[in-house]
Amino acid sequence: MLIRYFDNAATTKIKEEVLKEMFPYLTEEYGNASSIYKIGRNSKRAIEESRKRVASLFNCEPSEIYFTSCGSESDNMALKGLAYIQKEKNTGKNHIITSKIEHPAILESCKALEKQGFEVTYLDVDEEGFINLNTLENAIKESTFLISIMFANNEIGTIEPIEEISKIAKKHNITFHTDAVQATGNIEIDVKKLGIDMLSMSGHKIYAPKGIGAIYIDKNIEINRFLDGGHQEKNKRAGTENVAEIVGLGKACEIAEKNLKTYQEKLTNLREYFFKKIKENFKDIKINGSLTKRLPGNCNICFKNIDSNELLFKLDEKGICASGGSACSSGDNSISHVLTAIGVPSELANGVLRITFGDFNSKDDVDYLITSLKKIILER
Ligand SMILES: *Cc1c(COP(=O)(O)O)cnc(C)c1O
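So, a few notes on the structure that sits alongside this text.

1. As for empty space enclosed by the protein
Here the idea is plain: a probe the size of a water molecule rolls over the atoms and shows the empty space left. Counted according to the given criterion, the structure contains 2 cavities of 30 Å³ or more. What lines the largest cavity is a set of 16 residues, and nearest its centre among them are Asn-8, Ala-9, Gln-182, Asn-186 and Phe-357. Residue contributions to the lining of the second largest cavity peak at 5 residues, all from helix α9 (residues 243–281). Of the residues belonging to the lining of the second largest cavity, the class tally is 7 nonpolar, 4 polar and 3 charged.

Okay, here's the thing in structure tokens:
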């Protein structure tokens, strides 16, 4: 059966060109990037080329990009790295502001820091998933050292007012981190123009492999490393470099930068076509998230009187891969913390379907999806 994949927010298929550039570094070019002989230097050079490509996507300096193992690691590094240096330097600052709809990599890092004596404010969001800028500014204390707000939400696609948040952070001399794992490759991100101090991204959400990520850290920001060992990544992150995947990430970033406009247009068209068809064919639905400030490929819908897991199971029988929210919370039957935060009542939240389009999707896929949803939901 043909697989129709609509879960690109969970992960993406590796692009052929990405794999092709990686291949030599999984075979002949196996040198350790810290070694002085030729195949070692080749690895080193490949890493630095890749760093330039990643930096170019975010308009920062290559020296401000550090490779990690995933988006979660980048999030941990940003929050813990900045928190630990407050303690070490006795800055007297111990307060973090974030939101209730962050990815678990942020929320759980915050919980871990709370156990170590840090204080965290979790901002509410409105019914579309936006944080309130006045509430944010009012939450700032003398002791606040970090604001971490995601660029775009992985479940409902809402894009937060990043530039306004960064202005508030600047005004109060607070570091601003954003989890841009979903936004990367989908929205233009110029960290200098937007005033972002730290940014997390991940390879497998942009057609590179799983197990590679990066973090941008502005050159004026100092963090403590939390993975101790060798001097890799300018002493910020120990461990022999994952050369092949770093090369893959660089290639994926290069493609993302080159194709951004057409990619956005393609995904937005698929999304709007899908929403139109959904509204034509179904009553008793709720579309979650902002309809305007939204990730191009994100659709999040609640159906009344249907159980999300049952729906996903029946879609799977038709070769359709979709999700009920985030990949991280599937498996447990609890209602999504994001849907709870935007005030979706449980009878609707139980029938949630997240469709996230990617580069390999076509209009034909959407038609098949709509036909399948009609069969499953309307002909019950
Ligand atoms: C997927 C995701 C992450 C985690 O990235 P991994 O590379 O899977 O660890 C973090 N934040 C957001 C918003 C995500 O969508």
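2. Regarding the state of the cysteines
Under the criterion given, the structure shown has 0 disulfides. Take Cys-253: it sits in no disulfide, and the sulfur closest to it among the cysteines is that of Cys-60, at 10 Å. Owing to a relative accessible area of 0%, Cys-253 belongs among the buried residues under this scheme. As a non-bridged cysteine, Cys-321 has Cys-299 as the owner of its nearest cysteine sulfur, 16 Å distant. What makes Cys-321 partly exposed here is its relative accessible area of 22%.

3. Structural notes on the site of the ligand
Taken together, 13 residues are adjacent to the ligand, and Ser-72, Asp-179, Gln-182, Ser-202 and Lys-205 come closest. Here an oxygen atom of the ligand sits 2.6 Å away from a polar atom, N or O, in the side chain of Ser-202. The separation between an oxygen atom of the ligand and a polar side-chain atom of Lys-205 is 2.8 Å. Taking 380 Å² as the accessible area of the ligand by itself, protein coverage stands at 90%. Looking at which element gives the most residues to the shell around the ligand, the answer is helix α3 (residues 71–88), with 3 residues. In terms of residue class, the shell around the ligand is built from 3 nonpolar, 7 polar and 3 charged.

4. Some thoughts on the pairing of strand β7 (residues 198–202)
Extensive coverage of β7 is indicated by the burial of 5 of its 5 residues. Burial along β7 is two-sided: Met-198, Ser-200 and Ser-202 and Leu-199 and Met-201, pointing in opposite directions, are all buried. Bridging between strand β6 (residues 175–179) and β7 involves 3 bridges; their strand directions are parallel. Counted as the bridge partner of Thr-178 is Leu-199 from β7. Bridge count between β7 and strand β8 (residues 213–217): 5 bridges; the pairing is antiparallel. Paired with Ser-200 across the two strands is Ile-215, which belongs to β8.

5. Concerning the environment of Ile-140
Its place among the elements puts Ile-140 in the loop between α5 (133–139) and β5 (144–148). Distance in space between the C-alpha atoms of Ile-140 and Tyr-5 is 42 Å, their sequence separation being 135 residues.

6. Some points on the sheet that holds strand β10 (residues 298–303)
Pairing within the open sheet is antiparallel, and its 3 strands lie in the order β9-β10-β12. Two strands in the sheet have a free side with no partner beyond their single neighbour: β9 (285–287) and β12 (352–356). Adjacent strand axes in the sheet meet at a mean angle of 20 degrees, parallel and antiparallel pairs treated alike. The pairing of β9 with β10 spans 3 bridges and is antiparallel.

Rules used throughout
- Residues numbered from 1 in each chain as written.
- Predicted model: local features only at pLDDT ≥ 70, side-chain atom pairs only at ≥ 80, totals over all residues.
- Heavy atoms only, no water.
- 1 Å grid on protein atoms, 1.4 Å probe; cavity = no way out; pocket = protein on both sides within 12 Å on 5 of 7 lines; lining within 4 Å.
- Points joined across faces, edges and corners; volume = space filled by probe spheres on them.
- Helix = DSSP H or I, 4+ residues; strand = E, 2+ residues; numbered from the N terminus.
- Nonpolar A, V, L, I, M, F, W, Y, C, P; charged D, E, K, R; others polar.
- Disulfide = S-S within 2.5 Å.
- Buried < 20%, exposed > 50% of the residue type's maximum accessible area, 1.4 Å probe, protein only.
- Near = heavy atom within 4 Å.
- Polar contact = N/O pair within 3.5 Å; in protein donor to acceptor, adjacent residues only side chain to side chain.
- Areas by Shrake-Rupley, 256 points an atom, 1.4 Å probe, with all protein chains shown as cover.
- Pairing = 2+ DSSP bridges.
- Axes fitted to C-alpha atoms, helices over the stretch in contact; angles between N-to-C directions.

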